[in-house]
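Listed below are the residues making up each chain.
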Amino acid sequence: VQLQASGGGLVQAGGSLRLSCAASGRYFRSDVMGWYRQGPGKERELVATVSDGGSTNYADSVNGRFTISRDNAKNMVYLQMNNLKVEDTAVYYCNLKETRPLRAPVDYWGQGTQVTVSS
């Protein structure tokens, strides 16, 4: 599985950005996809996930501001980020969690895209 993220950049607080992630290779639509981020001096943290059926899960810090979506026909996952805050500054990583019976899940990661929010 290969994940290619794009769409990061520099934006002022209150602005918006849309991240995109293209998935390729062999995976099941049932695999959950999502976005994680790692800010300066911080550990990587969950931002949002989406199942193939469209069920979503958000970190409390972004709930109501960010929207994750998935287009299975195009093998894409998106993260619409609105009302960005300085504390959203981080490298954002696309993730696919491969889940199969009788073995531990395997995480695949994209290369990361930098989001910088200025005050």
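Figured I'd write up the structure that's included with this text. (Residues numbered from 1 in each chain as written. Predicted model: local features only at pLDDT ≥ 70, side-chain atom pairs only at ≥ 80, totals over all residues. Heavy atoms only, no water.)

## Observations concerning the environment of Leu3
Along the chain, the position of Leu3 falls in strand S1 (residues 2-6). You can call Leu3 buried: its relative accessible area is 7%. Setting aside its immediate chain neighbours within four residues, Leu3 contacts Cys21, Ala22, Ala23, Met33, Cys94, Asn95, Leu96, Tyr108, Trp109, Gly110 and Gln111. (Helix = DSSP H or I, 4+ residues; strand = E, 2+ residues; numbered from the N terminus. Buried < 20%, exposed > 50% of the residue type's maximum accessible area, 1.4 Å probe, protein only. Contact = heavy atoms within 4.5 Å.)

## Re the state of the cysteines
Applying the stated criterion to the full structure yields one disulfide. What pairs with Cys21 in a disulfide is Cys94, and their sulfur atoms sit 2.1 Å apart. With the S-S dihedral at roughly -85°, the linkage between Cys21 and Cys94 falls on the left-handed side. Of this pair, Cys21 sits in strand S3 (residues 17-24) while Cys94 is found in strand S9 (residues 90-98), placing the two residues 73 residues apart along the sequence. Cys21 sits in the buried class, given a relative accessible area of 0%. Judged by its relative accessible area of 0%, Cys94 is buried. (Disulfide = S-S within 2.5 Å.)

## Some remarks on the nonpolar core
If you look at the biggest cluster of nonpolar residues, it comprises 28 residues, and the most contacted ones within it are Trp35, Leu79, Met81 and Tyr92. Counting residues per element, the ones that place at least two in this core are S1, S3, strand S4 (32-38), strand S5 (45-50), strand S7 (66-71), strand S8 (76-81), S9 and strand S11 (113-118). Residues within four places of Tyr92 in sequence aside, it is in contact with Leu19, Trp35, Tyr36, Arg37, Val47, Phe66, Leu79, Met81, Gly112, Thr113 and Val115. (Core = buried A, V, L, I, M, F, W, Y, C linked by side-chain atoms within 4.5 Å.)

## Here's the deal with the sheet that holds S1
Read from one edge of the open sheet, four strands run S1-S3-S8-S7, paired in antiparallel fashion. The two strands at the open ends of the sheet, each matched to only one other strand, are S1 and S7. Ignoring strand direction, the axes of neighbouring strands in this sheet form an average angle of 15°. Bridge count between S7 and S8: six bridges; the pairing is antiparallel. (Pairing = 2+ DSSP bridges. Axes fitted to C-alpha atoms, helices over the stretch in contact; angles between N-to-C directions.)

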